[in-house]
Amino acid sequence: MALLEIKNFNVTYKMKEKEVYAVQDACLELEPQDAIGIVGESGSGKSTLAMGILRLLPKTAETTGEALFEGNDLMQMPPEELSKVRWNKIAVVFQKSMNALSPVHKIGKQMEDVYLIHKPGTPKKEIRERIYELFRVVNLSDRVYELYPHELSGGMMQRISIALSLIMNPSLLVMDEATTALDVVTQSQILREILQLQEQLHLTRLMITHDVSVVSSTCNKVVVMYAGRIMEKGRVVDVLVNPRHPYTQGLLKSFPSFHGEKTDLRGIPGSLPDLSVKPTGCVFAPRCPYATDKCRTQLPQLQSVGDETQNWQVACHLVGGEGNERA
Ligand code: ATP
Ligand code: SF4
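Residues numbered from 1 in each chain as written. Chains lettered and ligands numbered in written order. Predicted model: local features only at pLDDT ≥ 70, side-chain atom pairs only at ≥ 80, totals over all residues. Heavy atoms only, no water.

### What to know about the site of ligand 2
- By nearness alone, 13 residues border ligand 2, and Cys282, Cys288, Cys295, Cys316 and His317 come closest of all.
- Placement of ligand 2 is best described as lying within the largest cavity.
- Tallied by class, the residues present in the shell around ligand 2 amount to 11 nonpolar, two polar and no charged. (Near = heavy atom within 4 Å. 1 Å grid on protein atoms, 1.4 Å probe; cavity = no way out; pocket = protein on both sides within 12 Å on 5 of 7 lines; lining within 4 Å. Sits in = over half its atoms within 2 Å of the grid points. Nonpolar A, V, L, I, M, F, W, Y, C, P; charged D, E, K, R; others polar.)

This is the structure in structure tokens:
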């Protein structure tokens, strides 16, 4: 059984003057120990999807669809049950998670308090041991226990955020641009550590990022989003090596290759469409070099490409299924 199954998920931000269709008809499955990267340019709906399934969106966001975690729908769960699941089984690390910590209390004391909220009455010695164990997992020395947040570097802070998220031994770790603000050296160290701890702790990971290289180096599967919709999804070794959707192809051309032939970086001309208008056809048509009349009038559905073992799907009239002109 999938650890998390997202079915026909929609999020609409309802504002006074307009409605923004931020996520439309998203379907996604995470098998135990999968590491799935959600990529797409800014505003494509990545964070809204992840925060939507965790019910962490503002009240203006209306959601429909299902998010089955271990078979139970997070969308229907009573709030008390949901908050237990969120700490004990699903943990989240944001880009600025550390801002939640108090600047006037030592790191160790704050972690103890978090532990006690979830497991009241635990002996102090046991909590300290758990915190030191987590420090080792994220490569921090024990002396960090006695430091204040302002005494930590950006990398150390993000390691603390990761350690805090793991305090209750979750099975699913959601990381929303969690390494984006770090310098490249620290980012690659932390990404290596995340891979190690995923293996050590048998974690399943959902990684939201605009950086395709983060996905290629740390994930086994990828979901490509554009304007609130999933354009392509499958294994990293298929989608990022031989992308089939024109948007994925454009996105990959926007990133430099460290190893391959040196080529000019070509971004994708144009910009994201207005998400308050529901398009009749393919949402990428205004920027797509292959757009036809059919593309402008009929919405392409995700269709399988490759063989069954690949679980590879693409939403483009020209790839897979009928009218398979470029596949
Ligand atoms: P980024 O990488 O910049 O965070 P993203 O892919 O995660 O982008 P979202 O932040 O999910 O995209 O935003 C998707 C769309 O929803 C955007 O058009 C954004 O303007 C809109 N949006 C996000 N949050 C709100 C909000 N609280 N109220 C109204 N619209 C919002
Ligand atoms: Fe381009 Fe048409 Fe495919 Fe959309 S459906 S990505 S417009 S070719």
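And the narrative resumes.
### A closer look at helix H6 (residues 184–201)
- In this model H6 runs 25 Å from its N-terminal to its C-terminal C-alpha over 18 residues, within 8% of the 26 Å that 1.5 Å per residue would give.
- Looking at H6, one finds that the buried residues are Thr186, Gln187, Ile190, Leu191, Glu193, Ile194, Leu197 and Gln198. End-on view of H6: buried residues confined to an arc of 165°, all on one side of the axis. Residues Val184, Val185 and Glu199 are exposed on H6 and point more than 90 degrees away from its buried face.
- Close packing links the buried residues of H6 with strand E3 (35–39), helix H4 (124–137), helix H5 (154–165), strand E7 (172–176), strand E8 (204–208) and helix H7 (212–218). (Helix = DSSP H or I, 4+ residues; strand = E, 2+ residues; numbered from the N terminus. Expected span 1.5 Å × (residues − 1). Buried < 20%, exposed > 50% of the residue type's maximum accessible area, 1.4 Å probe, protein only. Arc of directions from axis to C-beta. Contact = heavy atoms within 4.5 Å.)

### A look at the pattern of salt bridges
- Under the defined criterion, the tally for this structure stands at 14 salt bridges.
- Here Lys124 and Glu112 are joined by a salt bridge, their closest N and O atoms 3.8 Å apart. Of this pair, Lys124 sits in helix H4 while Glu112 is found in helix H3 (residues 107–118), placing the two residues 12 residues apart along the sequence.
- In this structure, the salt-bridge partner of Arg130 is Glu133, at a minimum N-O distance of 3.1 Å. Here Arg130 and its partner Glu133 are both found in helix H4, three residues apart, which amounts to about one turn of the helix.
- Assessed through its relative accessible area of 13%, Arg130 is described here as buried. (Salt bridge = Lys/Arg side-chain N within 4 Å of Asp/Glu carboxyl O.)

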